[in-house]
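Here's the letter readout for the chains.
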Amino acid sequence: MSIIAIANQKGGCGKTTTSVNLSSAIALSSKKVLLIDLDPQSHATLGLNISSQNSIYNVLSNYTSEKLSLKDVIVNVETNFDVAPANILLGTLEQELSDEIGRELKLTEAIETVEKDYDYVLIDCPPNLGILTVNAIRAAQEVIIPVEPSRFSLIGVDRLVEIIDLISTRLNHPVKYRLLITMFDSRLRHSFQILNAIKEKYSANLFKTIIHTNVKLKEASMSGQSAVTYAKYSRGSKDYFYLASELMYRKEASIDNLMRQLVREKVKQLSEITFSLHDPNAQDVYLVGDFNNWKASEENRLTRDDNGSWIKRLALRSGTYHYKFVVDGEWQEDPSNPNKEENNFGGYNSLIEI
Ligand SMILES: Nc1ncnc2c1ncn2[C@@H]1O[C@H](COP(=O)(O)OP(=O)(O)OP(=O)(O)O)[C@@H](O)[C@H]1O
Ligand SMILES: [Mg+2]
């Protein structure tokens, strides 16, 4: 089981968006994923439309009237994608745990109870370096640090990396980290300047994948879904598929296969249709119809074979289409197709159903 914390004490840098969409992209490649919402703001929980009485607070707190195990609070949101929700009570844990021995191990112990149930556990951290974030880093083998390219975005990263190193050495728990560029706007020059600065400083700890600014990521969270399901062909969704691929690369076959499958699905909706007309004496034949605005233009010209047949192949979606051939300037029906429909010009159009 891989455990990954998504952390950065800077607010609004894309932690929750990354947690939700990366989880969803990994789940789509048939891996079982648990996303733990460890932020009292509960944005991942709310962004996935989960309304649950219980939360990870009931698992981690000793003061709750209803102590539960991690399994008890888990909610399923998509195939292979479960969530341990958060609520505002989580905010009180900092104080509750302040005197407790082994307080930084609470989450590690909880995750051990679901060890066999998941391939990946992702943890969405709050925007601070308190005990919840320390718990997440202690439980994780890797920390993803989302960074949006703004002037002050790197200020806290050094501090976070220091804490990761401290946990690695003092708590005897090796954990690596990688920065992830988020909300990259390729129209802005300063985005590239900051990207170069980040590359210079963190080249060994940087994901190749860049998450671009994409409105579908925002819309998806407002509609209570990940963008990977809400708009799976959007740029935002694709970026997170690539991130999943990069993350999983060493362990499994690339998720590129999944992207290819999605493209194939889309292409499958198209059928290749061959239109043909046998007329050895014709000089010029065009195919015109609903599918090309009835335009006898060069791209709609048929090709003549050696036997005097004119051929045109088109990829069309399912539906009903009207068409005609234009033979040396004369419009005519398809003589090999008995299906036709009267048109507004007192004649007939050939009809094809796909
Ligand atoms: N690539 C993106 N393109 C467009 N909007 C984005 C993108 N990533 C995040 N956002 C939006 O930016 C806002 C902040 O993102 P998000 O909630 O993921 O950040 P966060 O680091 O989790 O914030 P917090 O520190 O408050 O937990 C959200 O409204 C989100 O929809
Ligand atoms: Mg968040």
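The present account deals with the structure reproduced in this document. (Residues numbered from 1 in each chain as written. Chains lettered and ligands numbered in written order. Predicted model: local features only at pLDDT ≥ 70, side-chain atom pairs only at ≥ 80, totals over all residues. Heavy atoms only, no water.)

## As for the site of ligand 1
Stage number 1. Taken together, 18 residues are adjacent to ligand 1, and Lys15, Thr16, Thr17, His212 and Asn214 come closest.
Stage number 2. At 3.0 Å from a nitrogen atom of ligand 1 is found a main-chain nitrogen or oxygen belonging to His212.
Stage number 3. Protein coverage of the free-state accessible area of ligand 1, which is 620 Å², stands at 84%.
Stage number 4. Counting atoms within 2 Å of the grid points, the majority share of ligand 1 lands in the largest pocket.
Stage number 5. Considering every element that reaches the shell around ligand 1, the biggest residue donor is helix α1 (residues 15-28), with 3 residues. (Near = heavy atom within 4 Å. Polar contact = N/O pair within 3.5 Å; in protein donor to acceptor, adjacent residues only side chain to side chain. Areas by Shrake-Rupley, 256 points an atom, 1.4 Å probe, with all protein chains shown as cover. 1 Å grid on protein atoms, 1.4 Å probe; cavity = no way out; pocket = protein on both sides within 12 Å on 5 of 7 lines; lining within 4 Å. Sits in = over half its atoms within 2 Å of the grid points. Helix = DSSP H or I, 4+ residues; strand = E, 2+ residues; numbered from the N terminus.)

## Observations concerning the packing of helix α7 (residues 131-139) against helix α8 (residues 157-170)
Stage number 1. Relative to each other, α7 and α8 sit at 55 degrees, their axes nearing to 10 Å. With respect to their mutual orientation, α7 and α8 come out oblique. Considering how the two elements wind past one another, α7 and α8 form a crossing that is right-handed. In contact with Val134, Ile137 and Arg138 of α7, α8 contributes Leu160, Ile163, Ile164 and Ile167.
Stage number 2. Per-class residue counts for the contact of α7 with α8 are 6 nonpolar, no polar and 1 charged. (Axes fitted to C-alpha atoms, helices over the stretch in contact; angles between N-to-C directions. Parallel < 35°, antiparallel > 145°, perpendicular 65-115°, else oblique. Left-handed = near helix turned anticlockwise from the far one by under 90°. Contact = heavy atoms within 4.5 Å. Nonpolar A, V, L, I, M, F, W, Y, C, P; charged D, E, K, R; others polar.)

## Notes on the sheet that holds strand β11 (residues 303-304)
Stage number 1. Spatial strand order, β9-β12-β11: 3 strands in an open sheet with antiparallel pairing. The open sheet terminates on both sides in strands that have one partner only, identified here as β9 (270-278) and β11. (Pairing = 2+ DSSP bridges.)

## Re the layout of surface pockets
Stage number 1. Estimates place the volume of the largest pocket at around 670 Å³.
Stage number 2. Every residue lining the largest pocket is counted, 32 residues in all, and those nearest its centre are Gly14, Thr16, Thr17, Met183 and Lys218.
Stage number 3. Elements supplying a minimum of two residues to the lining of the largest pocket: α1, α2 (43-47), β7 (176-184), β8 (206-212) and α10 (215-222).
Stage number 4. Among the elements that take part in the lining of the largest pocket, α1 stands out by supplying 6 residues, more than any other.
Stage number 5. Residue composition of the lining of the largest pocket, grouped by class: 11 nonpolar, 17 polar and 4 charged. (Points joined across faces, edges and corners; volume = space filled by probe spheres on them.)

## Focus: the pairing of strand β5 (residues 120-124)
Stage number 1. Across the 5 residues that make up β5, a large majority, 5, are buried.
Stage number 2. Burial along β5 is two-sided: Tyr120, Leu122 and Asp124 and Val121 and Ile123, pointing in opposite directions, are all buried.
Stage number 3. The pairing of strand β1 (residues 2-6) with β5 spans 5 bridges and is parallel. The residue of β5 that forms the bridge with Ile3 is Val121.
Stage number 4. Pairing analysis gives 5 bridges linking strand β2 (residues 33-37) to β5, with the strands arranged parallel. Opposite Asp37, over in β5, you have Asp124 as the bridge partner. (Buried < 20%, exposed > 50% of the residue type's maximum accessible area, 1.4 Å probe, protein only.)

## Section: the packing of aromatic side chains
Stage number 1. Enumeration over the complete set of coordinates arrives at 6 aromatic pairs.
Stage number 2. Ring geometry for Trp294 and Trp331: centres 6.3 Å apart, planes at 15 degrees, overall stacked. Here the residue Trp294 occupies a position in the loop between β10 (285-289) and β11, and Trp331 occupies one in strand β14 (residues 330-332), the gap between them amounting to 37 residues.
Stage number 3. Note on Trp294: relative accessible area 27%, which makes it partly exposed.
Stage number 4. Taking the relative accessible area as the measure of exposure, Trp331 reaches 46% and is therefore partly exposed.
Stage number 5. A centroid spacing of 6.0 Å and a plane angle of 75 degrees characterise the contact between Tyr323 and Phe325, whose relative ring orientation is edge-to-face. The pair Tyr323 / Phe325 is uniform in exposure class, with both members buried.
Stage number 6. Feature note: the residues Phe275, Phe291, Tyr321, Tyr323 and Phe325 constitute an aromatic cluster, connected by ring pairs.
Stage number 7. The aromatic ring of Tyr348 is capped on one face by Lys340, whose charged end is 5.4 Å from the ring centroid. (Phe/Tyr/Trp six-rings, centres within 6.5 Å; stacked < 30°, edge-to-face > 60°. Lys NZ or Arg CZ within 6 Å of the ring centre and 35° of its normal.)

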